[in-house]
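# Structural characterization, general
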Amino acid sequence: MSCNRRQLSTMEQPAWELLRQRLRAVRNFLSVALPIANAHTGDFYTRGVWDELVCSSPEAVLAAFTRHHPPEQLNHTEPTRSWDENELLKIFCKASHRLVDLESFLEAAKHHSLPYLGVCTPLGQLLGFLNEEEHNNYDKKITTDEFMNYKKAHEVLVMSQLIDSIANYCGIKQVIDLGSGKGYLSSFLSMHYDLKVYGIDSSSTNTHGATERNRKLKKYWKVYRSRARTDSKSQMSETKKERGALPDNPECKTSINEKLLSSNNIGLGLDQEKPEFSPVNSSSSFTDLKMSDSSELNNQYCTVSDTSKAPTSELSFLNILPFDAVEVVTSPKLCQRVLSEEEREHRKMVNIKAKANRVKESNVYSPLTSYITAETELHDVIADLEDSIMVGLHTCGDLSPNTLRIFVGKPEIKAVCSVGCCYHLLSEEFEVQPEENTVEKWGFPMCQDLKEERWSCGRNARMSACLALDRVAVGQGLPLESLFYRAVLQVIVKECYGNVKSDRRVGKAFSKSSCFLDYCRESLKNLGLDESKLSDSRLIEYYEMYKSRKKELEAFNMLRVVLSPCIEALILLDRLCYLREQGNVAWSGLVKLFDPVKSPRCYAVIAVKKY
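Residues numbered from 1 in each chain as written. Predicted model: local features only at pLDDT ≥ 70, side-chain atom pairs only at ≥ 80, totals over all residues. Heavy atoms only, no water.

Once that is clear, we can look at the sheet that holds strand β2 (residues 196–201). Ordered in space as β3-β2-β1-β4-β5-β7-β6, the 7 strands form an open sheet in which the pairing is mixed. With one partner strand each, in any of the chains shown, β3 (366–369) and β6 (585–592) form the two edges of the open sheet. Across this sheet, the average inter-strand angle for adjacent strands is 15 degrees, counted without regard to direction. Pairing of β6 with strand β7 (residues 603–609), which is carried by 7 bridges, proceeds in the antiparallel orientation. In the sheet register, V585 faces β7, and the bridge partner there is K609. (Pairing = 2+ DSSP bridges. Helix = DSSP H or I, 4+ residues; strand = E, 2+ residues; numbered from the N terminus. Axes fitted to C-alpha atoms, helices over the stretch in contact; angles between N-to-C directions.)

It is at 12 Å that the axes of helix α1 (residues 16–38) and helix α5 (residues 102–111) come closest, and there the two elements cross at 115 degrees. As for the relative orientation of α1 and α5, their crossing is left-handed in sense. The residues of α5 that touch α1, namely those facing F29, A33 and I36, are F105, A108 and A109. Taken together, the residues of the contact of α1 with α5 sort by class into 6 nonpolar, no polar and no charged. (Left-handed = near helix turned anticlockwise from the far one by under 90°. Contact = heavy atoms within 4.5 Å. Nonpolar A, V, L, I, M, F, W, Y, C, P; charged D, E, K, R; others polar.)

Let us now look at the environment of L30. With respect to the helices and strands, the residue L30 is situated in helix α1. Residue L30 is classed as buried on the basis of its relative accessible area of 0%. Leave out the neighbours within four places in its chain, and L30 touches W455, C566, I567 and L570. (Buried < 20%, exposed > 50% of the residue type's maximum accessible area, 1.4 Å probe, protein only.)

Moving on, we come to the side chain of R580. Inspection of the secondary structure puts R580 in helix α24 (residues 550–580). At 10 Å, E12 is the nearest oppositely charged side chain to R580, a buried residue that forms no salt bridge. Residues within four places of R580 in sequence aside, it is in contact with Q13, P14, A15, W16, L19 and S588. (Lys, Arg positive; Asp, Glu negative; His and termini not counted. Salt bridge = Lys/Arg side-chain N within 4 Å of Asp/Glu carboxyl O.)

Looking now at the packing of helix α8 (residues 150–170) against helix α9 (residues 184–193). Closest axis-to-axis distance for the α8/α9 pair is 10 Å, and the angle between their directions is 50 degrees. With respect to α9, the element α8 is oriented oblique. As α8 runs across α9, the sense of the crossing is right-handed. Side by side, α8 and α9 meet where K152, V156, L157, M159, S160, Q161, I163 and D164 of the first sit next to Y184, L185, F188, L189 and Y193 of the second. Residue composition of the contact of α8 with α9, by class: 9 nonpolar, 2 polar and 2 charged. (Parallel < 35°, antiparallel > 145°, perpendicular 65-115°, else oblique.)

Chain-level pLDDT for the protein is 77 on average; 68% of the residues reach the 70-or-more range. Low pLDDT, under 50, characterises residues 134–146; the stretch is placed with 50 contacts to residues that sit more than four places away or in other chains. Here residues 358–363 is a poorly scored stretch, pLDDT under 50, and it has 6 contacts once near neighbours within four places are set aside; other chains count. (pLDDT = per-residue confidence, 0-100.)

Bringing α8 into the picture now. In this model α8 runs 30 Å from its N-terminal to its C-terminal C-alpha over 21 residues, within 8% of the 30 Å that 1.5 Å per residue would give. Most of α8 is tucked away, with 17 of its 21 residues classed as buried. Of the residues flanking the end of α8, it is G171, one or two places downstream, whose phi is positive at about 70 degrees. (Expected span 1.5 Å × (residues − 1).)

The next subject is unusual backbone geometry. Following F444, the chain continues to P445 via a peptide bond in cis, the omega torsion being -5 degrees. With respect to the secondary-structure elements, P445 resides in the loop between β5 (413–421) and α18 (448–452). Not every positive phi belongs to a glycine, and H394 is a case in point at roughly 60 degrees. Its location among the elements puts H394 in strand β4 (residues 388–396).

Spelled out as structure tokens, the structure:
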């Protein structure tokens, strides 16, 4: 690792005791609030969940939520407020455990989420330290129009810049991307930052798609990389001409890059089938072409706005390439000039050098299929393993904590940058486990404090942690209608078919249905029940009976949404505390990478080893 920079261990980070204090505070709040998060909305009416857990009216809850979460205040924080145990206990009735103090509940939930706990490291501060300069280095312009959708473009752009900064700081060139999926982050890191990337995914389908994308990108690698290195000033100048002068600040530059990287609506990936073209030789030029031929080619293949002249799939692939990457089959009349012996020899040498470069740069990145656990021996997966940074963009369930364990246990892994997701798929050591359970390393908890307390959240609470408060607050609400249909269906099943025990699930019945009747028929079939037993009029009666109580379900789900950042905070603080317990970690922190409205799972766990 590089030794000529400031040591990362000197960078400010939350004190170990402060982290433990914040972890205990979130745990204390959730110990009284988890019954709301753990309630299953499918059983909402059959169990009488509203009357069992809440004293306020649904209207009061919805009004209070609007007051406490106005969209314009989403990105603002207040000084962290501490809540003692007696204050928390007063929020719920001691005898019935029902929510009685709605205002205090909403206020406490807010102050037990990550933006208010004072434990996160600002992204700009970390980048400034790594790059030894106090500004965000968004100077690598993106030249692709339709590489990925807007959300993925936002995530890849921000995270790849941070990964490159960490890799440069540590003096390493190899990246291991766990849960790499279709390879968007992996290929971007390789193409735009010249990093050697191994993308590992357990799904052979994902790996096959990534391999196909890799095969196509190999053909265009050299000219693509050359385009990516185009002078940033000239690109910004062109952008200003087209869109008017823009203020020179990181947020504007990020927005420009995201728009260039993503498509507005199409969101196609390179794994889709595209027509095959070959890059021209580096010594070729279009000077021998007639202007009319060049213009015709440009109009046919390189104009993004006029999609009537070429299929969408063709445009989406061509638009990631510079104009001169497409080999043009010219008329024989244009190539009649006789080459001299000297020119032939020169072109031969150029072709030999180009071929050598293609061999050297034949891998844009290497997609691999493997199921990774904390015990995986990386040398068995990656033959030329060297000092690396291990990364993961939205690694599901236990893969995220196992990424941290691999970082701690494997000497070759010098740094880690992990953004987790799918908290409902985490394995919990102290949750009631099925007899056939074979988990060796549990996803939660990781740190000693929660292990000693045998702390468990529960699956429904972890499902609640996957909700998106910021999206709901700006009007991108929950799928209320599908939740309502499911809750009424549960009443029908219980009253008309008894307590049916089955491994079958409703599945995607809602997306396949045009109305409540269709939904019920489809769902009953999926559950293996005789749907002919109930008439249409009987099903409609149930719908009408509970329609007036739909606001209860909406208001209750808002309470669960409010708790989601608190549960996520506990899970992420558990991971950060685990890293702080290790003796070989120089620096570790939680960093908010993404806009939570665009990408709700927006926090990265980052760490660098001592050297």
